[in-house]
Structures are given as structure tokens and as C-alpha cells.
Amino acid sequence: PQSSDKMAPTAEEELFLTPLKTPICLLDAKEAFEGLSADEKRYAHHLTQGCWAGALACLAQCSPESPKLFLLLFKLFTADTPAVLQEASGKAGVPEVEFEAFLQFASVFFGNMGNYLSFGDTKFVPRCEAMSIASIITASSDKTLSAEWDAISTAVFDLSPGVKQMGLEGNGISTYYSPGITEAEIKVVQDFLQSQNLGDQAYNTRLFKDGGVYKLAVASAEVKPSVTHDFNGTKIEVVYGDHAPFMKVLADSIAQAIKSAPAEREHQVEMLKQYVNAFEGGDINAHKDSQRAWVQDKGPPVETNIGFIESYRDPFGVRGEFEGFVSVVNREQSRKFQTLVDNASRFIEMLPWPKDFEKDTFLRPDFTSLDVVTFASSGIPAGINIPNYDDIRQDLGFKNVSLGNVLSAASPSEKITFCTPTDQEIFKEWRGKSFEVQVAIHELLGHGSGKLMKKNEDGSLNFDQDKVVHPYTGEKISTFYLPGETWDAKFGNESSSYEECRAECVGIYLCPVPEILSIFGHNYPEEVPDVVYCNWLLMARAGLLGLEFYTPESKTWRQAHMQGRFAILRVMLEAGEGLCEIKGEGEGLHIALDRSKIMTVGRKAVGEFLGKLNVYKSTADVAAGLAMYKHYTSVPDDILPFRQAVLEQKQPREVFVQAVSKLGADGAATLSFPEASPAGMVQSFVDRFAASGPLGALPPLLASCGPFPPK
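This is a predicted model, so every value here is computed, not measured.

**Looking at the overall build of the protein chain**
Within the protein chain one finds 27 helices and 17 strands. The C-alpha atoms of the protein chain give a radius of gyration of 25 Å, which matches the 27 Å a tight globule of 711 residues would have. The principal-axis extents of the C-alpha atoms in the protein chain amount to approximately 75 × 60 × 55 Å. Within the span of the protein chain, comprising 711 residues, buried residues form 60% of the whole. The long-range fraction of contacts in the protein chain, counting pairs at least 24 apart against all pairs at least 6 apart in sequence, stands at 75%. As displayed, the protein chain offers around 27,000 Å² of accessible surface, 52% of which is attributable to carbon and sulfur atoms. Charged side chains in the protein chain number 66 positive and 93 negative. The centres of these two groups are separated by 1 Å.

Right, dumping it as C-alpha cells:
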């Protein structure tokens with residue numbers, strides 16, 4: 001709610017205000033956790049503690065003010081519950097709507113581990129007055145907090161162009177880098193890493209310029225002596241100890257978890273030991289060894305993965321945000337995914353590229369449905385395909401997971417926009433079932449397919465250059481990955497979106513296959529059943545909704561998945577023949593999708609686009625790949641006006657209240673579940689980082705958290 005003397009915000013201004021009535025969902029894992037043995041519960045508990053310790057690094061990876069704002073909110077709600085603070089604030093003259101707006105801001109901040117939305121990377125500011133927040137803080141029983149608020153209040157409300165979104169070179173802010181650093185400078189350091197065959201080393205680093213020296217700050221518990229390199233006249237100093245206190249508690253917690261790990265699960269124990277090495281010393285090779293062991297640890301009752309994993313938020317596309325998840329395998333739900341794995345080789349042969357551009361052997365992965373106990377990061381996905389290290393994926397394989405209780409926790413109150421009334425009914429009935437099929441194909445057959453053609457260390461190639469013919473030029477393959485080169489570094493800041501688009505295309509291309517649909521219980525005689533139609537409708541509609549995440553001023557995208565979905569929408573629109581159109585205007589704007597054209601016009605157009613996406617990625621053809629991709633992700637003049645309607649009807653994305661794990665005096669691990677409300681969200685963080693608990697020493701350290709090295 002706005003103060004009475006202020007005009008209502010425009011649709012564009014709404015992008016940067018804390019979303020009204022953000023759905024707050026409970027990530028319910030009670031039944032799954034109770035099904036574990038005492039040792040498995042303790043194991044999950046220690047890993048959960050470690051994940052949340054590491055997740056404090058997300059704050060420093062988000063914005064300069066996020067660590068201090070987290071500490072302030074933590075202290076504020078530790079001193080008084082939301083109910084007590086609201087009463088005190090009311091007595092001090094703070095209107096109820098102002099307090100509720102502040103509480104909403106605090107809950108969304110905790111749910112995103114920072115003051116930028118994890119999905120879209122835009123800054124959000126409180127929907128109340130700064131004076132109201134000052135009065136709320138003054139009303140607190142902790143009388144030390146007003147000065148802390150005064151120190152950050154301007155930054156919290158700052159919406160100047162340079163901080164509205166994450167980006168580089170005037171297009172936003174990134175705390176992965178020094179202010180003012182250029183993409184050309186970042187590339188020099190990346191070239192250095194690749195020259196050392198350390199292209200993956202960027203994942204757990206940040207980069208700062210100190211005078212004429214580039215300091216590559218490695219996340220590690222140990223503050224080891226730095227090492228300086230001269231690379232073509234550029235001084236690069238590798239320094240250790242970024243996020244040090246958080247990495248130490250993370251490593252120590254994993255060491256505790258080892259005591260409860262079953263000794264007979266050798267790969268699991270090896271994974272844990274390498275995690276400890278990676279987070280203590282910062283060695284990316286130790287983390288890669290942990291992932292090699294993880295891929296081979298088939299079907300553990302408690303599944304976990306921890307590290308600096310996804311590079312979506314790095315504007316350059318090579319540095320990972322911290323994430324750690326702990327989950328329980330849902331064996332009943334996992335059976336259908338395993339059936340998909342059993343038949344994956346046959347389904348991959350149906351994809352629209354020659355077999356030379358597919359892996360020589362499909363490495364059968366684990367594919368499980370998980371009930372998440374903990375997902376400690378800025379956001380929670382619906383499915384995951386990791387590790388992201390190219391060499392491990394190509395040579396050893398990967399794992400797929402579908403996060404079952406995330407999928408089922410979606411808000412029931414979401415308004416279905418940009419669909420006809422008839423399509424809205426199909427959407428309501430089939431959305432969940434269609435999305436389940438799409439996520440499964442996307443993760444396993446999308447991210448799990450495709451070969452990277454490369455030159456090995458010994459100079460040999462992993463393909464026969466004399467026999468393999470480029471399907472679009474008819475000539476021999478002339479571009480490929482050199483030793484030390486990685487897919488994401490090669491394709492830069494477009495790599496994440498490009499790969500998500502490729503996986504989404506695989507999903508809609510293969511979802512009509514009857515054998516795949518039957519695995520998920522969909523057996524229908526008609527050629528395009530509702531489950532398929534709804535999936536294509538979901539994709540086209542998502543492409544239109546993607547305009548929310550496009551910034552016209554800089555012509556940049558702020559969310560990888562939505563950029564990819566917009567590209568697919570453009571492919572559908574360009575296909576013509578009445579397959580897909582955008583009709584109407586304002587609230588009547590809608591996607592018109594011709595069901596009868598999906599198997600002919602639609603599948604042909606998407607197949608041709610998908611084939612090129614894969615071949616260009618496979619052959620490291622950056623020029624052709626990005627030229628095509630940037631064409632389809634550019635927003636034409638006839639589509640850009642639809643963005644206004646998208647902004648006016650946008651729906652807030654849900655945030656999740658997660659369980660709090662505790663270890664009793666008897667050594668028994670238990671979970672408690674706060675209520676799914678703004679008050680429940682803030683209480684979960686108060687309980688999780690309570691001074692009396694194992695993470696209690698960490699929040700005060702956020703006061704000095706920020707650019708590395710500290711001054």
C-alpha cells in the first residue's frame with residue numbers, strides 16, 4: 001500500500017517494489033524426513049547446517065548492502081517477534097499498512113538471500129517509507145540498531161540506473177567484480193585461467209582490481225599466501241580466504257556429517273572428504289573430485305550437492321553462486337524417472353542432429369525425485385542437472401533430480417494470464433502434469449544430450465575430422481574446444497540462457513512421443529492430447545511473460561530461462577501458417593496456438609532451431625551460434641509494446657519457508673516447520689542462526705562482509 005499523498009507507481013516502477021502479496025509456500029519435507037533412520041537424520045542435519053553457513057556467501061554475491069541488511073533484520077527480529085514489534089511500532093505511530101509492507105520486504109529479502117530477486121536479478125525496495133522503517137527500528141527493544149539502519153538506508157532505497165539490476169559496464173551492478181571493471185579485463189583473467197588449463201577455476205572466485213593488479217579471490221576457509229602471476233604483462237594475484245568464516249563452518253559441518261555416513265557407501269564418503277578439501281583450501285580440482293564421486297553415488301537415501309554451482313547471476317557467465325541442498329529420495333516417484341533413463345538412448349536418437357554430434361555412449365545417470373529438506377541459496381529450482389563441469393559431464397556423466405515438493409508447493413492463487421477462457425481451463429487441469437513431463441525431458445534428455453567436440457591434451461581429437469561433416473556447411477569440422485576451454489567461458493554471458501533454451505526445445509520437441517507420455521501415465525489415442533497442447537501453450541505463454549525480464553534501455557535480459565523461452569516463442573511465431581499468434585491487447589492480450597499445427601509446422605520449426613543450437617554448441621562455433629541466438633532473443637518493434645501489458649499483469653513469484661534443523665541433547669536430529677507467512681519466514685531465519693545454535697557466531701561477521709580483500 002502507498003501513502004495517501006503519493007501517486008500509484010507505474011507498471012515499470014512496480015518492477016522494483018517488493019511484490020504485493022508474494023505467495024509464501026511451505027517446503028514440506030516432514031513425512032520424507034521422518035522416514036529416515038536416526039543416522040540419516042543426523043547426516044542430513046549436519047549437511048543442512050553447513051549449507052546455510054555457506055549460503056551467507058550469497059549475500060556478498062548479491063549487493064554491497066545485503067550482508068549488513070541481513071544482520072540488521074536478524075537482530076531486529078531476534079529482539080522482538082513480528083507481533084511484538086508491530087504493536088510497539090503502532091504505539092509509535094507507524095500505520096499498520098506500513099508495518100505489513102516492511103514485514104513483506106523482510107520476508108522476500110530472506111527468501112531471496114539478498115535484495116535482488118533471484119529470478120530476474122532486479123533490485124526490490126520496501127513498499128513503505130524510509131521514515132516508517134526508521135520508526136519501526138526505533139521502537140525495537142534493541143536500541144543499538146538505528147545507527148546500523150542509518151548507515152545503509154540510502155543504499156537500500158537507491159534505484160539509480162546503475163543499481164536497478166545486475167550487470168556490468170553501466171548496465172547494472174555485480175559484487176562478483178570491482179566497480180567499474182570491464183568485460184575486456186575480466187576476459188584477460190579468464191584467458192589466463194584457460195592458459196593454465198584452469199577454466200573451471202572461476203566458479204568459486206570473485207575478481208577485484210587493486211591499482212594495476214587483478215586479485216582473483218578464491219572462496220576458502222584457509223587464508224593461504226597469495227600467488228602472483230604475470231600474464232602477457234598483466235599482474236594477476238590469486239588470493240585465498242574469500243567468505244572464509246562461512247567456508248570454515250561449512251567444511252566443519254561436512255566433517256561432522258562423515259561420522260554419520262555409511263562406510264559401505266564409498267563414493268558418498270569420498271564425496272564428503274573432497275568437499276572438505278574444496279571448502280577448506282579452495283581447490284576447484286577437489287570440488288571436481290567431489291562431483292566425480294557424487295555422480296557415482298547411486299541412489300543414496302539422503303541426496304546432497306554443495307558448491308558454487310550456477311553462473312546465472314554472473315554477468316560474464318563463469319562465476320558460480322553458492323548453493324547447497326539436502327533432500328530425501330522419493331523412491332515411488334523416482335521409478336517413472338528411472339524408466340525414462342532406461343529408454344533414454346532410444347529417445348536421444350530421435351533428436352534432430354546427426355549421431356556424430358551426440359556423445360559416443362549415453363552415460364546412464366541417476367534420476368530421482370527428491371523432497372527437499374534444505375535448499376540454501378537465493379532461489380529454488382524445480383529440477384537440476386549437474387555437475388556443470390564439461391569434462392565430467394562428457395566423460396563420467398551427471399545426475400538429474402526433480403524437486404518434487406517444490407513442484408507441488410506452487411501457489412494455488414496464481415492468476416492465469418494471456419490465455420483464452422478455454423485455454424485457461426486446460427491450463428488449470430494440465431499445467432502440473434505437463435510441467436512434470438517437460439522438467440523430466442528438459443533435465444535428462446535436454447541437458448544430458450549433445451557432444452562437445454574437443455582437442456585433447458595430447459593433440460588428438462575426440463571425433464574423426466576426416467569423416468564428420470558439418471550438417472549446415474557440408475564441410476569438415478573446423479572449430480572445436482581447445483584444452484582448457486569450457487563451454488560457458490567460450491559462449492560467455494549468453495551460455496546459460498543458450499543452454500536452457502536448448503533443453504527447453506528438447507522438452508517440447510520430444511513431449512509428443514507416445515512412449516514418453518506413457519511413462520508418466522498419459523495414454524491417449526488422439527495425436528496431440530491436452531498434456532502436449534498444454535506444454536506447448538505453457539512455453540509460448542512463458543515466452544510472452546519473459547518480456548518482464550527484458551530491459552529495453554540496454555536491450556539486455558535479466559533471466560536465462562525466460563530469455564530462452566522468448567527465443568522459442570519467436571521460433572513459433574516465425575514458423576507462420578497459423579501455428580502461433582499473439583492476439584488482442586491490454587487485458588485481452590493472449591496466445592493463440594493451433595493444436596492441429598503442433599506436430600507439423602511447430603515440431604519442424606523447433607526441430608530446425610534445436611538442431612542448429614546443438615551443432616553450434618558442439619563445434620564451439622561461437623560466431624554462428626550467438627548470431628542466431630541473438631536474433632531470436634532480440635525483441636522486435638512489433639512485440640515490444642506487449643511488454644506493457646505483461647508488466648501490468650505480472651504475478652509475484654513465490655518464496656519458500658524452509659524447515660529448521662536441530663540436534664537434541666540425546667543426539668537426535670529433528671525438524672521444525674514455521675508457518676507459511678511473512679512472520680514465519682523471518683522466524684525461520686531467527687531460529688536457524690540463533691546465538692545458541694551451531695551457526696550463531698556467523699551473523700555478526702556479516703558486519704564486515706563485502707568486497708575482498710577487506711580494508
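**Examining the packing of helix 24 (residues 598-618) against helix 25 (residues 622-633)**
In the contact formed by helix 24 and helix 25, the axes pass within 9 Å of each other and the chain directions differ by 140°. In this structure, the crossing between helix 24 and helix 25 has a hand that is left-handed. For the pair formed by helix 24 and helix 25, the contact residues are Phe-609, Lys-612, Leu-613 and Tyr-616 on the first element and Ala-624, Gly-625, Met-628, Tyr-629 and Tyr-632 on the second. Of the residues that constitute the contact of helix 24 with helix 25, the class distribution is 7 nonpolar, 1 polar and 1 charged.

**Some thoughts on the pattern of salt bridges**
If you walk through the whole model with that rule in mind, you get 38 salt bridges. Between Asp-242 and Arg-206 there is a salt bridge, with its nearest N and O atoms 2.9 Å apart. In this pair, Asp-242 is assigned in strand 5 (residues 234-242) and Arg-206 in strand 2 (residues 205-210), connecting sequence segments 36 residues apart. The exposure classification of Asp-242 matches that of Arg-206, with both residues buried. Ionic pairing is found between Arg-335 and Glu-332, a salt bridge with its closest N-O pair at 2.4 Å. Residue Arg-335 and its partner Glu-332 are located together in helix 14 (residues 331-342), separated by 3 residues, close to a single helical turn. Because the salt bridges share partners, they merge into one network encompassing Asp-200, Lys-288, Asp-289, Arg-292 and Asp-391.

**Considering the sheet that holds strand 3 (residues 213-219)**
Taken in spatial order, the 4 strands line up as 2-3-5-4 in an open sheet, and their pairing is mixed. The outermost strands of the open sheet, each flanked by one partner alone, are strand 2 and strand 4 (227-231). Each strand axis lies, on average, 25° off the axis of its neighbour in the sheet, ignoring direction. Relative to strand 4, helix 10 (residues 183-195) is tilted by about 100°, and along the sheet it contacts strand 2, strand 3, strand 4 and strand 5.

**Thoughts on the pairing of strand 8 (residues 366-376)**
Most of strand 8 sits out of view: 11 of its 11 residues are buried. Pairing of strand 7 (residues 321-329) with strand 8, which is carried by 6 bridges, proceeds in the antiparallel orientation. Residue pairing across strands places Phe-325 opposite Phe-375, the latter belonging to strand 8. Sheet topology places strand 8 next to strand 10 (residues 399-403); 5 bridges connect them, and they run parallel. Bridge pairing links Leu-370 to Leu-403 in strand 10.

**Quick word on the side chain of Ser-220**
The residue Ser-220 is located in the loop between strand 3 and strand 4 in this model. Since its relative accessible area comes to 0%, Ser-220 is described here as buried. In this view, Ser-220 contacts Tyr-240, Gly-241, Asp-242, Ala-244, Met-247, Phe-279, Glu-280, Gly-281 and Gly-282; residues no more than four positions away in its chain are not counted.

**Some words on helix 20 (residues 495-510)**
Over its 16 residues, helix 20 extends 23 Å from the first C-alpha to the last, a length consistent with the 22 Å expected when each residue adds 1.5 Å. For helix 20, the buried fraction is high: 16 of the 16 residues fall into the buried class.

**Topic: the packing of helix 5 (residues 66-79) against helix 7 (residues 96-112)**
Where helix 5 contacts helix 7, the two axes come as close as 11 Å, and the packing angle between them is 125°. Overall, the two elements helix 5 and helix 7 adopt an arrangement that is oblique. Pair helix 5 / helix 7 crosses with left-handed handedness. Taken together, the residues of helix 7 that come into contact with helix 5 (itself represented by Ser-66, Leu-69, Phe-70, Leu-73, Phe-74, Leu-76 and Phe-77) are Phe-102, Leu-103, Phe-105, Ala-106, Phe-109 and Phe-110.

**Observations concerning the environment of Arg-643**
Looking at where Arg-643 falls in the secondary structure, it is placed in helix 26 (residues 642-648). Expressed as a C-alpha distance, the spacing of Arg-643 and Gly-450, which sit 193 residues apart in the sequence, is 34 Å. A polar contact is formed between the side chain of Arg-643 and the backbone oxygen of Tyr-550, at a distance of 3.0 Å.

**Some remarks on the sheet that holds strand 6 (residues 302-310)**
Here we have 5 strands laid out as an open sheet, ordered 6-7-8-10-9, and mixed in their pairing. The sheet is open, and its two borders are formed by strand 6 and strand 9 (383-386), each paired with just one other strand. Taken pair by pair, the neighbouring strands of this sheet meet at an average axis angle of 35°, ignoring direction. In the packing of helix 3 (residues 38-55) onto the sheet, contacts are made with strand 6, strand 7 and strand 8, and the angle to strand 7 comes to roughly 165°.

**Description of the pairing of strand 9**
The two faces of strand 9 match: Gly-383 and Asn-385 on one face and Ile-384 and Ile-386 on the other face are all buried. By the bridge criterion, 4 bridges tie strand 9 to strand 10 in an arrangement that is antiparallel. By the bridge assignment for strand 10, Ile-386 is matched with Lys-399.

Rules behind the numbers
Residues numbered from 1 in each chain as written. Predicted model: local features only at pLDDT ≥ 70, side-chain atom pairs only at ≥ 80, totals over all residues. Heavy atoms only, no water. Helix = DSSP H or I, 4+ residues; strand = E, 2+ residues; numbered from the N terminus. Rg over C-alpha atoms; globule rule 2.2 N^0.38 Å. Buried < 20%, exposed > 50% of the residue type's maximum accessible area, 1.4 Å probe, protein only. Contact = heavy atoms within 4.5 Å. Areas by Shrake-Rupley, 256 points an atom, 1.4 Å probe, with all protein chains shown as cover. Lys, Arg positive; Asp, Glu negative; His and termini not counted. Charge placed at Lys NZ, Arg CZ, Asp CG, Glu CD. Axes fitted to C-alpha atoms, helices over the stretch in contact; angles between N-to-C directions. Left-handed = near helix turned anticlockwise from the far one by under 90°. Nonpolar A, V, L, I, M, F, W, Y, C, P; charged D, E, K, R; others polar. Salt bridge = Lys/Arg side-chain N within 4 Å of Asp/Glu carboxyl O. Pairing = 2+ DSSP bridges. Expected span 1.5 Å × (residues − 1). Parallel < 35°, antiparallel > 145°, perpendicular 65-115°, else oblique. Polar contact = N/O pair within 3.5 Å; in protein donor to acceptor, adjacent residues only side chain to side chain.

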